[in-house]
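Coordinate inspection notes
Here's the letter readout for the chains.
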Amino acid sequence: HFKGDLTGGLKMLSVGTGATGNLLSPDAPQATQRMLNNEIGRKAFSSTTYRTAEGVAVSYRTNIVDYTTTFMESEAVGALNEMGLLVPASPNPATKNPIDNGPSGYDPSIDVDGKDLLVNYLTFPVISKSATMVLAITWRLTF
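First things first, this report covers the structure right here in the doc. (Residues numbered from 1 in each chain as written. Predicted model: local features only at pLDDT ≥ 70, side-chain atom pairs only at ≥ 80, totals over all residues. Heavy atoms only, no water.)

**Some points on the pairing of strand β10 (residues 135–142)**
Inclusion rule: Residue burial is assigned from relative accessible area. The probe radius is 1.4 Å, only protein chains are included, and a residue is buried under 20% of its type maximum, exposed over 50%, and partly exposed in between. Under the DSSP-based scheme used, a helix requires at least four consecutive residues in state H or I and a strand at least two consecutive residues in state E, with every element numbered from the N terminus. Only strands joined by at least two bridges in the DSSP assignment are considered to pair.
Burial along β10 is one-sided: L135, I137, W139 and L141 are buried, while A136, T138, R140 and T142, pointing the other way, are not. Across eight bridges, the pairing between strand β7 (residues 64–71) and β10 is antiparallel. Bridging from a neighbouring strand, T69 pairs with I137 of β10.

**A word on the sheet that holds strand β4 (residues 39–44)**
Here is the rule: Helix axes use the C-alpha atoms of the stretch in contact, all axes being lines fitted to C-alpha atoms, and the angles between their N-to-C directions lie in the range 0 to 180 degrees.
Taking strand neighbours across the sheet as the criterion, the four strands line up as β4-β1-β8-β9 in an open arrangement whose pairing is antiparallel. The sheet is open, and its two edges are formed by β4 and β9 (117–129), each paired on a single side. Sheet twist, expressed as the mean angle between neighbouring strand axes with direction ignored, is 20 degrees. Of the pairings in the sheet, the one linking strand β1 (residues 12–16) to strand β8 (residues 78–87) comprises five bridges and is antiparallel in character. Residue pairing for β8: S14 is matched across the bridge by G84.

**Let's talk about the pattern of salt bridges**
What counts here: The term salt bridge refers to a side-chain nitrogen of Lys or Arg lying within 4 Å of a carboxyl oxygen of Asp or Glu.
Per the counting criterion, the structure on display carries six salt bridges. With its nearest N and O atoms 2.6 Å apart, the salt bridge here joins R42 to E39.

**Things to note about the pairing of β8**
Within β8, nine of the ten residues are buried, which leaves it mostly tucked inside the rest of the structure. Summarising the sheet, β8 and β9 pair through nine bridges and their orientation is antiparallel. Note on β9: the bridge partner recorded for G84 is Y121.

**So, the environment of K11**
Keep this limit in mind: Should any heavy atoms of two residues lie within 4.5 Å, those residues are considered in contact.
Along the chain, K11 falls in the segment before β1. Considering only alpha carbons, one finds K11 and R34, 23 residues apart in sequence, at a separation of 16 Å. Those residues in contact with K11 that lie beyond four places of it in its chain are K43, A44, F45, L86 and P88.

**Digging into the side chain of T123**
Put simply, the test is: Here a polar contact means two N or O atoms within 3.5 Å. Within protein one must be a hydrogen donor candidate and the other an acceptor candidate, and residues neighboring in sequence count only if both atoms are side-chain atoms.
Here T123 shows up in strand β9. The buried category is assigned to T123, whose relative accessible area is 14%. At a separation of 2.8 Å, a polar atom in the side chain of T123 contacts the main-chain carbonyl oxygen of D27. Leaving out residues up to four positions away in the same chain, T123 has contacts with A19, P26, D27, A28, P29, N81 and E82.

**Focus on the sheet that holds β7**
With respect to topology, four strands assemble into an open sheet ordered β6-β5-β7-β10, the strand pairing being antiparallel. Two strands close off the open sheet at either side, each with one partner strand: β6 (57–58) and β10. Summarising the sheet, strand β5 (residues 47–51) and β6 pair through two bridges and their orientation is antiparallel. Pairing of Y50 across the sheet is with V58, part of β6.

Here it is as structure tokens:
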């Protein structure tokens, strides 16, 4: 149960190294995923861009939005294979308040007020991010 509001909306992208399955072909995400399995970094979006159906960036709200986050050299270093879009409980990326439940044993009765809300979760073949690499990730949502 969630008693707060989502007026703050999506704010951060989190990345991790904990997707289950083969590194080059991890297991598909489960609908009951509530946090990353092994989060190693999160960061606020560096840009939010609305787009038309043709992909043109516009200054008004549309049903297509790109959320971009850039991890600099020293950030999120590791064998990345999972990521998620968050409505964080705190604007400070160092403060984590995950819902430590799911995907197995999912309990919908947990009060998630004051917790990080995982809005979308994705697994992917491993990306080895080194300490000399800058990684920009754009996640597009279409409503």
